[in-house]
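Here are the chains, one letter per residue:
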Amino acid sequence: MAPVVKPASDPLGDHPLGCSSVHPLSTGRPLNPDLFRLEFADGRAPVAWKTFRHKPAFVGGAVGHLVTRREFKALRRLRGIEGVCPLAKDDCRDGLFLEWVPGKPLSEFAAGELPPATYAALEQAVRRMHAARVVHLDLGHRGNILVTPDHKPILLDFQAAMDVRFLPRPLARAFETVDELAILKWKQKQFPRLMTPEEEARVARRRKMTRLWPFHHWFFWFLGRRRRPGGDEEE
């Protein structure tokens, strides 16, 4: 795909971070950011850029600032934790700049294709995230867990993340359970031979609860989930 040519009025010019080219990767929904890959002629590693600057003013302003700031604060708190996509710039005024991590979504692998160590590393990444008192709340989305060429999982897209340091422990624990159930669902799909009877029962209870409460998507939408209620969450 051809590099993006930005208008001359763009305050960052045509070269964010001094890059040589800007390549579009995805266009977010109206209330979500666009994603670009920045490449550099001086040998620096590519950078992923999430930005609302090409959205309508009312979205790129208030909504874009809040969403970007939320994700930035979560990633800054998780800095240095293995299994979390690192920030490439310690500033989010011009969007979110992330280190480029090669790989493909966990959802694109066939059942049994990945080694058991990948799921063990995923569990560890989630435990480390929770130990830092951050919950993701959107790990069930098909694109939010990346697997690198050497089969290491990377957590992406912290737009719905929450800092639970100041919540009552029972409530914080409930939010942590959302993440745990999400990765159990991926374990059932991608690593079925690793599932225990207790885990199968836990996933079944979760599915029963979501059928009994059809508005659960709205609950997470109000917490800041990326996709629209009743949308494309994996089941």
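Coordinates for the structure precede this section.
Quick look at the structure, then. (Residues numbered from 1 in each chain as written. Predicted model: local features only at pLDDT ≥ 70, side-chain atom pairs only at ≥ 80, totals over all residues. Heavy atoms only, no water.)

Looking at the pattern of salt bridges
Opposite charge on two side chains lets them pair, provided their charged atoms get close. In the structure shown here, the tally under the stated rule is 17 salt bridges. In this structure, arginine 93 and aspartate 91 form a salt bridge, with 2.6 Å as the shortest nitrogen-oxygen distance. For aspartate 91, a relative accessible area of 17% translates into the label buried. A salt bridge links arginine 173 to glutamate 180; the shortest N-O distance between them is 2.8 Å. Here arginine 173 falls in the partly exposed class, since its relative accessible area comes to 32%. Sharing partners across several salt bridges, the network here consists of Arg133, Arg169, Arg173, Glu176, Glu180 and Arg202. (Salt bridge = Lys/Arg side-chain N within 4 Å of Asp/Glu carboxyl O. Buried < 20%, exposed > 50% of the residue type's maximum accessible area, 1.4 Å probe, protein only.)

What to know about the packing of helix 2 (residues 116-131) against helix 3 (residues 169-190)
Relative orientation of the contacting elements helix 2 and helix 3 amounts to 170°, with a least axis distance of 11 Å. By the angle between their directions, the pair helix 2 and helix 3 is classed as roughly antiparallel. Of the residues in helix 3, those in contact with Tyr119, Leu122, Glu123, Val126, Met129 and His130 of helix 2 are Glu176, Asp179, Glu180, Ile183, Leu184 and Lys187. Here the contact of helix 2 with helix 3 is built from residues that sort into six nonpolar, one polar and five charged. (Axes fitted to C-alpha atoms, helices over the stretch in contact; angles between N-to-C directions. Helix = DSSP H or I, 4+ residues; strand = E, 2+ residues; numbered from the N terminus. Parallel < 35°, antiparallel > 145°, perpendicular 65-115°, else oblique. Contact = heavy atoms within 4.5 Å. Nonpolar A, V, L, I, M, F, W, Y, C, P; charged D, E, K, R; others polar.)

What about the sheet that holds strand 3 (residues 47-51)?
Within a sheet, neighbouring strands are paired by backbone hydrogen bonds and run either parallel or antiparallel to one another. Taking strand neighbours across the sheet as the criterion, the four strands line up as 1-2-3-4 in an open arrangement whose pairing is antiparallel. Looking at the sheet topology across the chains shown, the edges are occupied by strand 1 (21-26) and strand 4 (96-99). Taken pair by pair, the neighbouring strands of this sheet meet at an average axis angle of 30°, ignoring direction. As defined by bridge partners, strand 1 adjoins strand 2 (residues 34-39) across five bridges and the pair is classed as antiparallel. Residue pairing for strand 2: serine 21 is matched across the bridge by glutamate 39. Of the strands in this sheet, strand 3 and strand 4 are in contact with helix 1 (residues 57-77), which crosses strand 4 at around 35°. (Pairing = 2+ DSSP bridges.)

What to know about the nonpolar core
Residues Leu155 and Phe158 are the most contacted members of the largest nonpolar core, which totals 38 residues. The set of elements that each furnish at least two residues to this core consists of helix 1, strand 4, helix 2, strand 7 (145-147), strand 8 (153-155) and helix 3. If sequence neighbours within four positions are ignored, phenylalanine 158 has contacts with Glu71, Ala74, Leu75, Leu78, Val84, Met129 and His136. Core analysis: the second largest hydrophobic core is formed by eight residues, Phe36, Leu38, Trp49 and Phe97 among them. (Core = buried A, V, L, I, M, F, W, Y, C linked by side-chain atoms within 4.5 Å.)

Notes on the side chain of glutamine 159
Secondary-structure assignment places glutamine 159 in the loop between strand 8 and strand 9 (162-163). Given the relative accessible area of 4%, glutamine 159 is considered buried. Looking at glutamine 159, its side chain comes within polar contact range of the side chain of lysine 50, at 3.4 Å. (Polar contact = N/O pair within 3.5 Å; in protein donor to acceptor, adjacent residues only side chain to side chain.)

Here we look at the pairing of strand 3
Of all five residues that make up strand 3, five are buried, and the element is covered over most of its length. Burial of the side chains of strand 3 extends over both faces: Val47, Trp49 and Thr51 are buried on one face and Ala48 and Lys50 on the other. When strand 2 meets strand 3, the two strands line up antiparallel, connected through five bridges. Opposite phenylalanine 36, over in strand 3, you have tryptophan 49 as the bridge partner. Sheet topology note: the strand 3/strand 4 ladder contains four bridges and is antiparallel. Following the sheet pairing, lysine 50 is matched in strand 4 by leucine 96.

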